[in-house]
Amino acid sequence: DSSVKALASIEVDISNIQEGKEITVLWRGKPVFIKRRTKEEIQKAEQTSMKDLIDPQEDKDRVKKSEWLVVVGVCTHLGCVPIGGKGEYNGWFCPCHGSHYDTSGRIRKGPAPTNLEIPKYEFVNNNKIKIG
Ligand code: FES
């Protein structure tokens, strides 16, 4: 049914997101963070050693374009919404029980067992992302 399909995916204009900023959009009732990473944030994410990760995953396997990180904004511990630009790894911090995520949305410290989930998405063009 087409109305269900229409709700299943959303298109987001990303042209106004400045470097270092993120926006939160709602997709299927969940927050999704779209973050335009700085060069420093990208570098940190790419240079992290796999042995330092709780849920090892290369940054390149978590992004389609290194400048843009798109993650579901739901802590993988018990589902709180983490806060951007916070925590010991300057990615996201979940205040509920203290989970620290890095600039790739990977869990680095605290009780969350896995990285922030990557939703299905694609770039429609340079200014638009389709989620879902
Ligand atoms: Fe995020 Fe528990 S829900 S740390």
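Everything numeric in this text was worked out from a predicted model, so none of it was measured.

K.L.:
Just checking my understanding: could you explain the overall build of the chain for this structure?
P.N.:
In terms of helices and strands, the chain carries two helices and ten strands. Tracing the chain from N to C terminus, the helices and strands come up as α-β-β-β-α-β-β-β-β-β-β-β. Seen along its three principal axes, the alpha-carbon backbone of the chain occupies a region of about 45 × 30 × 20 Å. The proportion of buried residues among the 132 residues of the chain is 37%. Nonlocal contacts in the chain, meaning residues at least 24 apart in sequence, comprise 51% of its contacts between residues at least 6 apart.

K.L.:
For this particular structure, what's the right way to read unusual backbone geometry?
P.N.:
Of all residues except glycine, most have a negative phi; of all peptide bonds, most are trans. For Arg 28, which is not a glycine, the phi torsion comes out positive at approximately 50°. Secondary-structure assignment places Arg 28 in the loop between β2 (22-27) and β3 (30-36). Within the chain, Asn 90 stands out as a residue other than glycine whose phi angle is a positive 55°. Looking at the element boundaries, Asn 90 is found in the loop between β5 (83-86) and β6 (91-94).

K.L.:
For this particular structure, what's the right way to read a positive patch on the surface?
P.N.:
On the surface, Arg 28, Lys 30, Lys 64 and Lys 120 cluster together into a patch of positive charge. With respect to the helices and strands, the residue Lys 30 is situated in strand β3. Given the relative accessible area of 37%, Lys 30 is considered partly exposed.

Cut-offs used in this document
- Residues numbered from 1 in each chain as written.
- Predicted model: local features only at pLDDT ≥ 70, side-chain atom pairs only at ≥ 80, totals over all residues.
- Heavy atoms only, no water.
- Helix = DSSP H or I, 4+ residues; strand = E, 2+ residues; numbered from the N terminus.
- Buried < 20%, exposed > 50% of the residue type's maximum accessible area, 1.4 Å probe, protein only.
- Contact = heavy atoms within 4.5 Å.
- Patch = residues over 30% accessible without salt bridge, like charges linked within 9 Å, V, L, I, M, F, W, Y side chains within 5 Å.
- Areas by Shrake-Rupley, 256 points an atom, 1.4 Å probe, with all protein chains shown as cover.
- Salt bridge = Lys/Arg side-chain N within 4 Å of Asp/Glu carboxyl O.
- Lys, Arg positive; Asp, Glu negative; His and termini not counted.
- Charge placed at Lys NZ, Arg CZ, Asp CG, Glu CD.

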